[in-house]
Amino acid sequence: MPASILEGKNLKSNNQPSKKRTIEEINTKIRKGDIQVLPVSEFKKLVDSKGIQVAFNEIDVVTTGTFGAMCSSGALINVGHSDPPIKIQHAWINDVPITHPGAAVDLFIGATIGSETKGFEYGGGYVIEDLVKGDEVELRATAYGTDCYPRTEVETTITKDDLNQFILLNFRNGYQRYSCAVNGRDEIIYTYMGKLLPKYRNATYSGAGEIAPLSNDPNYETIGLGTKIFLGGGQGYVIGEGTQHSPSTGYGTLMVKGNAKQMNSNYLRGATFTGYGSSIYIGLGIPIPLLNIELAEKAAIRDEDILTDVIDYGVPRRGRPTLRKVSYKELKSGKLNLNNKEIKVSSISSLEKAESICRELASWIQQGNFTLTLPVERLSQEGQAKPMRQTKGGAAFVDSILQKAVTCEETEAIETVAKRLITKNVNHIVVVDTNYKLTGIVTSWDITKAIANGVKTLKEIIVTRVYTASSNEPLEVVAKRLTQHNISALPVIDGTQKVLGIITSEDIAKLVGGNING
């Protein structure tokens, strides 16, 4: 395949007035072999060199693409009836639990479900990839048995050729844009956005920016129910808006499906996120017919014009704080300025694969192997995703049991701090500077040992690497941190390191019961 679809093409270079095209006219040109199609990145270069009017007059179709983790994905399979028949109740493929969503032998492979024997190292995404590659997998199923389905268990091996149907279903794919993730905590966290270093030391992002499908058709004029697409190396369709479709906030999504028997593992791969679990990477490509000059203008969008939010994933809440807006141009530069510091940014998507998808789809169209469809129903342009309605068992947060911290400064005498421990009846004293910002912590044990050993200054015994909490964190998360680090208290601070109070394992135990490093 040529590196550029521009190579070897005799593009018109006139500047005639723009006109409207129809999908029928475009498909006729595809069948005749004289369609003018470009990957959208090359279309943008054409716009830069010749202007939008010339680019629109010369090009009929642009191709868009993205390749990233699509956790909200899976595959629907029908394994056929055994003899005697079985009405499957529970099933496993390669020791990965498989959902039984319908009748006797219809199964759903969830991409993020982990293996019962291999944990995070293998999951549903890998099962789907193995089947796509043509590998043999082990199916195990059990049932309670009925008169018409008497069998109660079955074990066998299958390949995709043995399946009646093998349908890839992504119920949330192709995000219009996706947040950039950072971590303001004191510790590394492992997320579906990858490994995030403490104290905002790195950032990750997802999405292809200016070459992503919904970035180039933000009003969903050509992308909707029935739009034919490139999916996992085969052909598929948009079947509606994706779950959590949130167009009012600029986070539109797609629901897509395709025949997985036609796909290939170059564009569909199982994956594992350390400390999080399994997922699947899927290639998505969508052609955009340039039916009018307005669509061409939208397809000329650049990364600097596509903004997303930098979100602190270190706050384990639904409403994580937004720290700033950032453009995809800045993200793709590999560096991000945050709090007056430059930090490294990396993509968890593959921009190289996304470009490859754009070229591959353009080639299909150029060769007459792929015609276009307009949606029979447009996606909603209004509304936003709702949060879960929680009516029972509301979570408790740090601010509900936050205690006033007993503090000192590092210049104070050890004897003075020891007396404060006794008079205040506490085991922890938080060390602050003159602005009440955290500099360390000392415990009753630290003080006792220092006096016994004749230590002269408080500064010698202060613990300066302090694990902390924020006031809006769930107690469940804080309790886990206390246990993980084998400590019994956490100073509670705000975004500027100012001390707001303290929370102890004893406080949590009183509220929820149990013993947390008490």
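Just so it is clear, the structure is predicted and the values come from calculations on it, not from any experiment.

Peer 1: Explain the domain arrangement of the protein chain to me, and be specific about the residues and the numbers.
Peer 2: Taken as a whole, the protein chain is organised into domain 1 (3-64), domain 2 (80-163) and domain 3 (398-517). Here the C-alpha centre of domain 3 lies 52 Å away from the C-alpha centre of domain 2.

Peer 1: Lay out a negative patch on the surface in plain terms, naming residues and giving numbers.
Peer 2: Taken together, the side chains of E136, E138, E153, E155, D161 and D162 present a region of like negative charge at the surface. Relative to the helices and strands, D161 resides in the loop between β10 (153-158) and β11 (165-173). For D161, a relative accessible area of 65% corresponds to the exposed category.

Peer 1: Give me the lowdown on helix α10 (residues 444-453), citing residues and values where you can.
Peer 2: An α-helix turns once every 3.6 residues. As a result, residues three or four positions apart point the same way. Turning to α10, its buried residues number three or more, namely D446, I447 and A450. Angular distribution of buried residues about the axis of α10 spans 95°; they occupy a single face of the element. Within α10, the exposed residues directed more than 90 degrees away from the buried face are W445 and A452. Contacts made by the buried residues of α10 are with α9 (414-424) and β29 (438-443).

Peer 1: Give me the lowdown on the side chain of R185, citing residues and values where you can.
Peer 2: Tracing the sequence through the fold places R185 in the loop between β12 (180-182) and β13 (189-191). Only 2.7 Å separates the side chain of R185 from the backbone oxygen of G314, close enough to count as a polar contact.

Peer 1: Explain the sheet that holds strand β28 (residues 428-432) residue by residue, including any values.
Peer 2: Sheet strands pair by backbone hydrogen bonding; their relative direction is either parallel or antiparallel. Spatial ordering of the open sheet is given by β27-β28-β29, a layout of three strands whose pairing is mixed. Two strands in the sheet have a free side with no partner beyond their single neighbour: β27 (407-408) and β29. Direction of pairing for β28 relative to β29: antiparallel, over a ladder of five bridges. Bridging across to β29, V431 finds its partner in G440.

Peer 1: Pulling in residues and values, what's your account of the sheet that holds β10?
Peer 2: The strand order β5-β4-β9-β10 describes an open sheet built from four strands, whose pairing is antiparallel. Of all the strands in the sheet, the pair left with one neighbour each is β5 (96-98) and β10. Each neighbouring strand pair of the sheet contributes to a mean axis angle of 25°, computed without reference to strand direction. Bridge count between strand β4 (residues 90-93) and strand β9 (residues 137-142): four bridges; the pairing is antiparallel. Within β9, the residue paired with H90 across the bridge is T142.

Peer 1: Lay out helix α1 (residues 23-32) in plain terms, naming residues and giving numbers.
Peer 2: Those residues of α1 not exposed but buried are I23, I26, N27 and I30. Taken end-on, α1 shows its buried residues confined to a sector of 95°, consistent with a single buried face. The exposed set on the far side of α1, more than 90 degrees from its buried face, consists of E24 and K32. Residues of α1 that are buried in the fold lie against β2 (61-69), β21 (277-289) and α8 (351-366).

Peer 1: So what's going on with the packing of α9 against α10? Residues and values would help.
Peer 2: One way to put it is that α9 packs onto α10 with a least axis distance of 10 Å and a crossing angle of 140°. It follows that α9 is oblique to α10 by the angle criterion. Seen along the crossing, α9 lies across α10 with a hand that is left-handed. Counted together, I414, V417, A418 and L421 of α9 and S444, I447, A450 and I451 of α10 form the full contact between these two elements. Classifying every residue of the contact of α9 with α10 gives seven nonpolar, one polar and no charged.

Peer 1: Break down the packing of aromatic side chains for me, citing the residues and quoting the values.
Peer 2: Summed over the entire model, instances satisfying the criterion amount to eleven aromatic pairs. Taking 5.9 Å as the distance between ring centres and 85° as the angle between the ring planes, the aromatic pair formed by Y205 and Y328 counts as edge-to-face. Placement of the pair is Y205 in strand β15 (residues 202-205) and Y328 in helix α7 (residues 328-332), with a sequence separation of 123 residues. Residue Y205 is classed as buried on the basis of its relative accessible area, which comes to 2%. Cluster of aromatic residues (ring-pair linked, three or more members): F67, Y192, F273, Y276, Y281 and Y313. Here the guanidinium or amino end of R21 rests over the ring plane of F56, the centre of that ring lying 4.5 Å away. Over the ring of Y122 we find K118, and its NZ or CZ is 5.1 Å from the ring centre.

Peer 1: Quick rundown of the nonpolar core? Include the residues and the values.
Peer 2: Within the largest apolar cluster, 46 residues are counted, with the highest numbers of intra-cluster contacts made by V79, I128, F166 and L254. The element that contributes the greatest number of residues to this core is helix α4 (residues 124-133), accounting for five residues. Dropping the residues within four chain positions of it, F166 is found in contact with A75, L76, I77, I128, L131, V132, K160, G258, N259, A260 and K261. Counting residues in hydrophobic clusters, the runner-up holds 42 residues, among them F230, F273, I311 and F370.

What counts as what
Residues numbered from 1 in each chain as written. Predicted model: local features only at pLDDT ≥ 70, side-chain atom pairs only at ≥ 80, totals over all residues. Heavy atoms only, no water. Domains from an automatic or database assignment. Patch = residues over 30% accessible without salt bridge, like charges linked within 9 Å, V, L, I, M, F, W, Y side chains within 5 Å. Areas by Shrake-Rupley, 256 points an atom, 1.4 Å probe, with all protein chains shown as cover. Salt bridge = Lys/Arg side-chain N within 4 Å of Asp/Glu carboxyl O. Lys, Arg positive; Asp, Glu negative; His and termini not counted. Charge placed at Lys NZ, Arg CZ, Asp CG, Glu CD. Helix = DSSP H or I, 4+ residues; strand = E, 2+ residues; numbered from the N terminus. Buried < 20%, exposed > 50% of the residue type's maximum accessible area, 1.4 Å probe, protein only. Arc of directions from axis to C-beta. Contact = heavy atoms within 4.5 Å. Polar contact = N/O pair within 3.5 Å; in protein donor to acceptor, adjacent residues only side chain to side chain. Pairing = 2+ DSSP bridges. Axes fitted to C-alpha atoms, helices over the stretch in contact; angles between N-to-C directions. Parallel < 35°, antiparallel > 145°, perpendicular 65-115°, else oblique. Left-handed = near helix turned anticlockwise from the far one by under 90°. Nonpolar A, V, L, I, M, F, W, Y, C, P; charged D, E, K, R; others polar. Phe/Tyr/Trp six-rings, centres within 6.5 Å; stacked < 30°, edge-to-face > 60°. Lys NZ or Arg CZ within 6 Å of the ring centre and 35° of its normal. Core = buried A, V, L, I, M, F, W, Y, C linked by side-chain atoms within 4.5 Å.

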